[in-house]
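Descriptive structure summary
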Amino acid sequence: MSLVHEIDYGTPVSKSAETVKLTIDGNQVTVPAGTSIMRAAMDAGIQVPKLCATDSVDAFGSCRLCLVEIAGRAGTPASCTTPVAPGMVVSTQTERLKQVRKGVMELYISDHPLDCLTCAANGDCELQDMAGAVGLRDVRYGYAGENHLKLEKDESNPYFTFDASKCIVCSRCVRACEEVQGTFALTIQGRGFDSKVSAGMLSDDFLSSECVSCGACVQACPTATLSEKSLIEIGQPEHSVVTTCAYCGVGCSFKAEMRGEELVRMVPYKDGKANRGHSCVKGRFAWGYANHKERVLNPMIRESIDQPWREVSWDEAIGRVASEFKRLQEKHGRLAIGGITSSRCTNEETYLVQKLVRGGFGNNNVDTCARVCHSPTGYGLSTAFGTSAGTQDFDSVEHSDVILIIGANPTDAHPVFASRMKKRLRAGAKLIVVDPRRTDIVRMPHIEAQYHLPLRPGTNAAILNALAHTIVTEGLVNEAFVREYCDRDAFEHWAAFVSEPQNSPETVGVMAGVSPEDIRGAARLYATGGNGAIYYGLGVTEHSQGTTTVMAIANLAMVTGNLGKQGVGVNPLRGQNNVQGACDMGSFPHELTGYRHISDDATRTMFEKLWGRPLDHEPGLRIPNMFDAAIDGVFKGLYVQGEDILQSDPNTVHVVKALQAMECVVVQDLFLNETANYAHVFLPGSTFLEKDGTFTNAERRINRVRKVMTPKNGMGDWEITLAIAKAMGFEMPYSHPSEIMDEIAALTPTFAGVSYDLLDKVGSVQWPCNEKAPLGTPVMHIGGFVRGKGNFMITEYVPTDERTGSRFPLLLTTGRILSQYNVGAQTRRTDNVVWHGEDVLEIHPQDAELRGVRDGDWVKVDSRAGGTALRAQITDRVAPGVVYTTFHHPDTQANVITTDFSDWATNCPEYKVTAVQVTPSNGPSEWQREYNAQAEHSRRIAAKIAAE
Amino acid sequence: MSSDHSVDKLVMMANQMGRFFTPQRGGDTVGAITNHINRFWEPRMRIAIAAHLAKGGAGLDGPVREAVGRLKEAKVPEKGLSA
Ligand code: SF4
Ligand code: SF4
Ligand code: SF4
Ligand code: FES
């Protein structure tokens, strides 16, 4: 094993289709027009010395190390900023160049600490490399002159250090922050000798500045100035393995850089097709949870939830699961148990859990946490287009002219994709944001939305109908597209419906609290502004009209012809890393892999033959139905892999009741999560670093997850499921996850061409990947829809039954923030807590004043479902009448307040609209105190109690 | 699947479907609702709502009531492991 080295070409690739021929050091080179001489040389294998250039940012030309000579031209131009020209003859190494470079290096080194041997970057320092490359042998100026060697370090960021004494002011970090990340946190302050890198205002350090800790500057820095603290502590890695981030649906590729089995750092991988070398604070730095002291490494069981846990062997734990599940089925029937797969686990693991339930439990009571986030996407898009997934790849955004974001907050929840989107917006694309909150992207450095429609939570479908009304009644329909690709009858019926007066911006605007002129303006812009791309998130799906809204989005894209090419499309931004994969893998109770209904005899028979088991043809229980069935006493046992249903599902009080009503709850996770407080068996899970598998990101991209260390708990999650299956008499003979993927491919037409060999060869592929598309399908529905003709469904606005009134006058909506991930089980166990130590309630100044609430005060939030208390943050990001919070911390339990209203088609819960009242409070509520006491009591472990 | 709470919820879910399917093209609202419930509801949920209809079907909207009447007969397996 060795380090995966990536070539730095010095300057970004030119996308020009024209080519230019030139000669460099006697070699003929042909490159795209607009390529720098430096990059052209690198293409020919010639490394021109460089310091201020790197291929992730535009060249700047400040270090003067990359000079070259060009025949017929005077002087020594910088190769990083000089583009190639036809017939050019370039020399990269001459006497004159050698002398100039030595001089430049001498100046740098005279103001640089000479602690190379003890420096963290020793072995990976471009300054050191360049000193070697230019043949620097002595420094004539001595080191006594004025210098920066005594400058203080900025250690404020928990993950990286800024050691100003080592800075060569190349501004790579500043440009990376601007161009790659789009945050503009860094500047070069001062001039000449006094110039230095500064995070924000002079008084700021990295932590107090705008910095979002994405790591792009650390990555770009050629010296040890910006270095990961883990690297400083551990030392340079000796091998690396390419793998995939296990946090969000962007699915960034990283090099896990290792020393033995110790992870030194995660470095974003340039060849990663989802992230193109960029990262966010979570994937780049927040992996320390894998070693957190609270991670459970031994299986545990207990007879009842008021007893302490007892550590047992794997055999005993697995034996207990099997015997309990068998007992429950004997006593209460075959349908009395079920399982929940996780969008955090790999495709292979997810596939195994549904196989265990269908084949081993003999029923279809399997569901996934995607139920509570993107199930409406699957149903809605497959009804409209014929496939249950987004239509584009991420690269597509580079060709968009108008970006419409609805119910998504990409800078917080999908940060790396957001950076790419921001880059496109800075280059001139127009932006429309439909969101009750003024999310960051509405206004940020060099970006300002043309339209922000701050609608009342719950009125998405109405607003989309009003956008469609404008398009249809103002004659902006893309007739040619509709004629060619869509069902004519469906279109006519729909066009008549959206043209009705109740869908006009003037009527909808009043009800949704949005200016009708803005609705019309946004519709015109989307319909006529060139390539229009829609990106949406859980603000669309997590409503009682989630599916309707997904269909309304599809209608909007079809009526404007924004499908079937680059730059357009309908793009669901998936929350967790493998939401797409979990859905694809047959986790839903009514569907086998590839979205085929369980009642379809031909499909079912194929599975039955391969698995050697008869399968039930009836759909099973969905997660909310499982809870109801548990409370009704007919659902008794549950296997939950990698999912904290208690914290993440709505109406916590109801979920608690359901869990208490079950006789055997089995939780497989890294930590004793909230659900585990009500569990009888705990099976310790493994992290993404400890197993092989694949994740499928929001653009249908199947990425490899590679094992870089032995599972600390002793088993990969897939092996645990195999053990349970075996104990229940259902053998699944796999020796490696690649064999599981082979089975998936054999059974699933859209995955037919996928194998680990292929992924190792080409990096990643986007499904469908089969005979027709051996390397996958970046953009779908080119030249026609998968279902045949595009289907316009009627999307009548039906207000949710969750209404405000005098008791509950405010609308609560929920979301997440950048540094934390979902229920926070992982990120709360990292230094990311410095950015978000607790959940707060955002409330508009008017609503706060009315209630006598000051910023930072404790407030109680009550809904029909329950109440909790947290601190208030007064802000006009939210409109009057709307309050907002995140759900990352179990102490807050935001889901105590959310109700169990749900989407009409899929039962996806309505997290995004809850009628609440907010009142001043003294601190945590009675319920929170009781809950915490119960949690503490429930987490006791017998051996540890004895030792104390 | 028989407590008042869960039956109320089933009625609400079925009515929600009714409101979606009623304005759709093609005119077969009842068929669409029936089909959706057959495809997505676990047998015990179908049995519970059918039983509710048999007792008068309080709360079920017009087309939904008819759709529930047409549901595929659901069977719950005997106790035990055999599929
Ligand atoms: S970590 Fe990211 S946001 Fe922070 S200064 Fe560096 S590039 Fe900018
Ligand atoms: S911190 Fe690093 S990247 Fe930034 S200017 Fe200094 S040496 Fe260059
Ligand atoms: S954007 Fe998502 S996938 Fe990428 S590093 Fe961040 S959390 Fe991981
Ligand atoms: S690398 Fe070209 S001027 Fe610095």
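The sections below set out a description of the structure shown in this document.

Rules used throughout
- Residues numbered from 1 in each chain as written.
- Chains lettered and ligands numbered in written order.
- Predicted model: local features only at pLDDT ≥ 70, side-chain atom pairs only at ≥ 80, totals over all residues.
- Heavy atoms only, no water.
- Near = heavy atom within 4 Å.
- Nonpolar A, V, L, I, M, F, W, Y, C, P; charged D, E, K, R; others polar.
- Phe/Tyr/Trp six-rings, centres within 6.5 Å; stacked < 30°, edge-to-face > 60°.
- Helix = DSSP H or I, 4+ residues; strand = E, 2+ residues; numbered from the N terminus.
- Buried < 20%, exposed > 50% of the residue type's maximum accessible area, 1.4 Å probe, protein only.
- Contact = heavy atoms within 4.5 Å.
- Buried area = accessible area lost by both parts, 1.4 Å probe.
- Salt bridge = Lys/Arg side-chain N within 4 Å of Asp/Glu carboxyl O.
- Polar contact = N/O pair within 3.5 Å; in protein donor to acceptor, adjacent residues only side chain to side chain.
- Core = buried A, V, L, I, M, F, W, Y, C linked by side-chain atoms within 4.5 Å.

Quick word on the site of ligand 2
Around ligand 2, 14 residues are found, and the nearest of them are A:C167, A:C170, A:S171, A:C173 and A:C221. For the shell around ligand 2, a count of residues per class yields 10 nonpolar, 3 polar and 1 charged.

Observations concerning the packing of aromatic side chains
Residues and elements named next belong to chain A. Summed over all chains, the structure comprises 21 aromatic pairs over all chains. Between Y247 and Y289, the ring centres sit 6.2 Å apart and the planes meet at 70 degrees, which makes this aromatic pair edge-to-face. Of the two residues, Y247 sits in the loop between β10 (239–244) and β11 (253–259) while Y289 sits in the loop between α7 (281–285) and β13 (300–301), which places them 42 residues apart along the sequence. When its relative accessible area of 2% is taken as the criterion, Y289 is described as buried. Centroid distance F481 to F785: 6.2 Å. Interplanar angle 85 degrees. Geometry classified as edge-to-face. Residue F481 is located in helix α14 (residues 479–485), and its partner F785 is located in the loop between β31 (764–766) and β32 (810–815); the two are separated by 304 residues in the primary sequence. F785 carries the same exposure label as F481, and that label is buried. Members of the aromatic cluster, connected to one another through ring pairs, are Y159, F160, F162, F206 and F285.

So, the interface of chain B and chain A
In this assembly, 34 residues from chain B lie in contact with 43 residues from chain A. Summed over both sides, the interface between chain B and chain A buries roughly 3,600 Å², with carbon and sulfur atoms accounting for 56% of that surface. Close ionic contact of B:K9 with A:D628 constitutes a salt bridge, the shortest N to O distance being 2.9 Å. Scanning the region where chain B abuts chain A turns up 9 residue pairs in polar contact (both at pLDDT 80 or more). Elements that contribute at least two residues to the side of chain B that touches chain A include exactly α1 (4–21), α2 (29–40) and α3 (43–54) of chain B. No other element matches α1(B), which puts 10 residues into the side of chain B that touches chain A. By residue class, the composition of the side of chain B that touches chain A is 15 nonpolar, 10 polar and 9 charged.

Concerning the nonpolar core
Residues and elements named next belong to chain A. One finds L186, L226, M421 and L431 to be the most contacted residues of the largest nonpolar core, which totals 65 residues. The element contributing the most residues to this core is helix α12 (residues 415–426), with 4 residues. Once you skip the residues sitting within four places of it in the chain, L226 turns out to touch F160, T161, F162, C173, F206, C217, V218 and C221.

A word on the site of ligand 3
All names here are of chain A. Around ligand 3 sit C245, Y247, C248, V250, G251, C252, F254, C280, K282, G283, P415 and V416, and that is every residue in its neighbourhood. When residues of the shell around ligand 3 are traced back to their parent elements, those giving at least two are α7 and α12. Grouping the amino acids of the shell around ligand 3 by side-chain chemistry returns 9 nonpolar, 2 polar and 1 charged.

Focus: unusual backbone geometry
All names here are of chain A. Cis geometry is found at the peptide bond from W767 to P768, where omega equals 0 degrees. Mapped onto the elements of the fold, P768 is located in the loop between β31 and β32. The residue R64 is not glycine, and still its phi comes out positive at about 65 degrees. Mapped onto the secondary structure, R64 falls in the loop between α1 (37–43) and β3 (69–70). Taking relative accessible area as the criterion, R64 reaches 39% and is therefore assigned partly exposed. Despite not being glycine, S171 has its phi angle at roughly 65 degrees, a positive value. In this fold, S171 is placed in the loop between β6 (160–163) and α4 (172–181). For S171, a relative accessible area of 4% puts it in the buried group.

Keep in mind that these numbers describe shape and distance, not what the molecule does.
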